[in-house]
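# Architecture and fold: a report
Residue strings, one per chain:
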Amino acid sequence: MRIVKIIALVLLVAFVGIQFVPTERNQNESVPATDFMLVNDIPKNIENKLKTSCYDCHSNNTQYPWYNKIQPAAWFLEDHITEGKSELNFSEWGLLSNRRKASKFRSIIKQIESGEMPLDSYTLIHKDAEFSEEDKTTIIQWMTQLKTNL
């Protein structure tokens, strides 16, 4: 029984200790002129859905949930955001060449069609981020049109 208490104490001290390890915040005061929403003329319904479903991981301004200051959840969030931005950063959309934009559109469309995005781990907590079939159809058609017009 004593070993269990020692292990529990060590785990508690470790848990408290990791709370002091900082994480990088993905927040900006302003929206850059290169942002996807500013570069393109976006219908309000699509803009709202993309901001709700995509922008937390795929832009330079994350709206953090209440648990973002609790480790190890904060590390998990930071990892997802870093990975998401490395694949697609809507804040830097205007810096991409038309060829790169077309490639990104193909990838976005494919991932929405297949249900890969938004991630299940994200929509588990953010139910409003889920795409309905109507949302998928509307966004895919709109993005296909943008890709065609490049």
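Residues numbered from 1 in each chain as written. Predicted model: local features only at pLDDT ≥ 70, side-chain atom pairs only at ≥ 80, totals over all residues. Heavy atoms only, no water.

When you line up the elements, Asp-35 lands in the loop between α1 (2-18) and α2 (36-39). Apart from residues no more than four positions distant in its own chain, Asp-35 is found in contact with Tyr-55, Phe-90 and Ser-91. (Helix = DSSP H or I, 4+ residues; strand = E, 2+ residues; numbered from the N terminus. Contact = heavy atoms within 4.5 Å.)

Here the focus is the side chain of Asp-56. With respect to the secondary-structure elements, Asp-56 resides in the loop between α3 (44-53) and α4 (73-87). At a separation of 2.9 Å, a polar atom in the side chain of Asp-56 contacts the main-chain amide nitrogen of Gln-63. A polar contact of 2.6 Å, which involves the side chain of Asp-56, links it to the side chain of Tyr-122. Leaving out residues up to four positions away in the same chain, Asp-56 has contacts with Asn-26, Lys-51, Asn-61, Thr-62, Gln-63, Ile-81 and Tyr-122. (Polar contact = N/O pair within 3.5 Å; in protein donor to acceptor, adjacent residues only side chain to side chain.)

Looking now at the pattern of salt bridges. Pairing between side chains of opposite charge can happen when the charged atoms of each approach one another. Enumeration over the complete set of coordinates arrives at five salt bridges. One salt bridge connects Lys-49 with Asp-135, and the closest N-O pair in it is separated by 3.7 Å. Taken together, the residues span a long stretch of sequence, with Lys-49 in helix α3 and Asp-135 in helix α7 (residues 133-148) at a distance of 86 residues. In this structure, Glu-130 and Lys-127 form a salt bridge, with 3.8 Å as the shortest nitrogen-oxygen distance. What makes Glu-130 partly exposed here is its relative accessible area of 37%. Several salt bridges share partner residues, and in doing so they unite Lys-44, Glu-47 and Lys-51 into one network. (Salt bridge = Lys/Arg side-chain N within 4 Å of Asp/Glu carboxyl O. Buried < 20%, exposed > 50% of the residue type's maximum accessible area, 1.4 Å probe, protein only.)

This next bit is on a nonpolar patch on the surface. Together, Leu-9, Leu-12, Val-13, Phe-15, Val-16, Phe-20, Trp-66 and Ile-70 line one region of the surface with nonpolar side chains, adding up to about 910 Å² of accessible area. Structurally, the position occupied by Trp-66 is in the loop between α3 and α4. (Patch = residues over 30% accessible without salt bridge, like charges linked within 9 Å, V, L, I, M, F, W, Y side chains within 5 Å. Areas by Shrake-Rupley, 256 points an atom, 1.4 Å probe, with all protein chains shown as cover.)

A few words now on the packing of helix α5 (residues 98-114) against α7. Relative placement of two packed helices is described by the angle separating their axes and the distance separating the axes. Viewed as axis vectors pointing N to C, α5 and α7 meet at an angle of 165°, and their least axial separation amounts to 10 Å. On the basis of the axis angle, α5 is roughly antiparallel to α7. Here α5 and α7 pass one another in a crossing that is left-handed. For the pair formed by α5 and α7, the contact residues are Ala-102, Phe-105, Arg-106, Ile-108, Ile-109, Ile-112 and Glu-113 on the first element and Lys-136, Ile-139, Ile-140, Met-143, Thr-144, Leu-146 and Lys-147 on the second. For the contact of α5 with α7, a count of residues per class yields nine nonpolar, one polar and four charged. (Axes fitted to C-alpha atoms, helices over the stretch in contact; angles between N-to-C directions. Parallel < 35°, antiparallel > 145°, perpendicular 65-115°, else oblique. Left-handed = near helix turned anticlockwise from the far one by under 90°. Nonpolar A, V, L, I, M, F, W, Y, C, P; charged D, E, K, R; others polar.)

In this section: the UniProt feature "domain: Haem-binding" (unreviewed entry) in the protein chain. Under the UniProt annotation, "domain: Haem-binding" (unreviewed entry) lies at residues 12-147. What you have in residues 12-147 is 53% helix and 0% strand, and the ends, taken at the C-alpha atoms, are 52 Å apart. (UniProt positions renumbered as here; feature names shortened; annotations may be inferred.)

Let's shift gears to the nonpolar core. Grouped together as the largest cluster of nonpolar side chains are 20 residues, with contacts concentrated most on Phe-36, Leu-50, Phe-90, Ile-139, Trp-142 and Met-143. Only α2, α3, α5 and α7 provide two or more residues apiece to this core. Ranked by the residues each element gives to this core, the list is headed by α7, at five residues. Beyond its immediate sequence surroundings of up to four residues, Met-143 is in contact with Phe-36, Leu-50, Phe-105, Ile-108 and Ile-109. (Core = buried A, V, L, I, M, F, W, Y, C linked by side-chain atoms within 4.5 Å.)

This part is about the packing of α3 against α7. It is at 11 Å that the axes of α3 and α7 come closest, and there the two elements cross at 105°. Looking at the two axes, α3 sits roughly perpendicular to α7. Along the contact surface, α3 presents Asn-45, Ile-46, Lys-49 and Leu-50, while α7 presents Asp-135, Thr-138, Ile-139, Trp-142 and Met-143. Classifying every residue of the contact of α3 with α7 gives five nonpolar, two polar and two charged.

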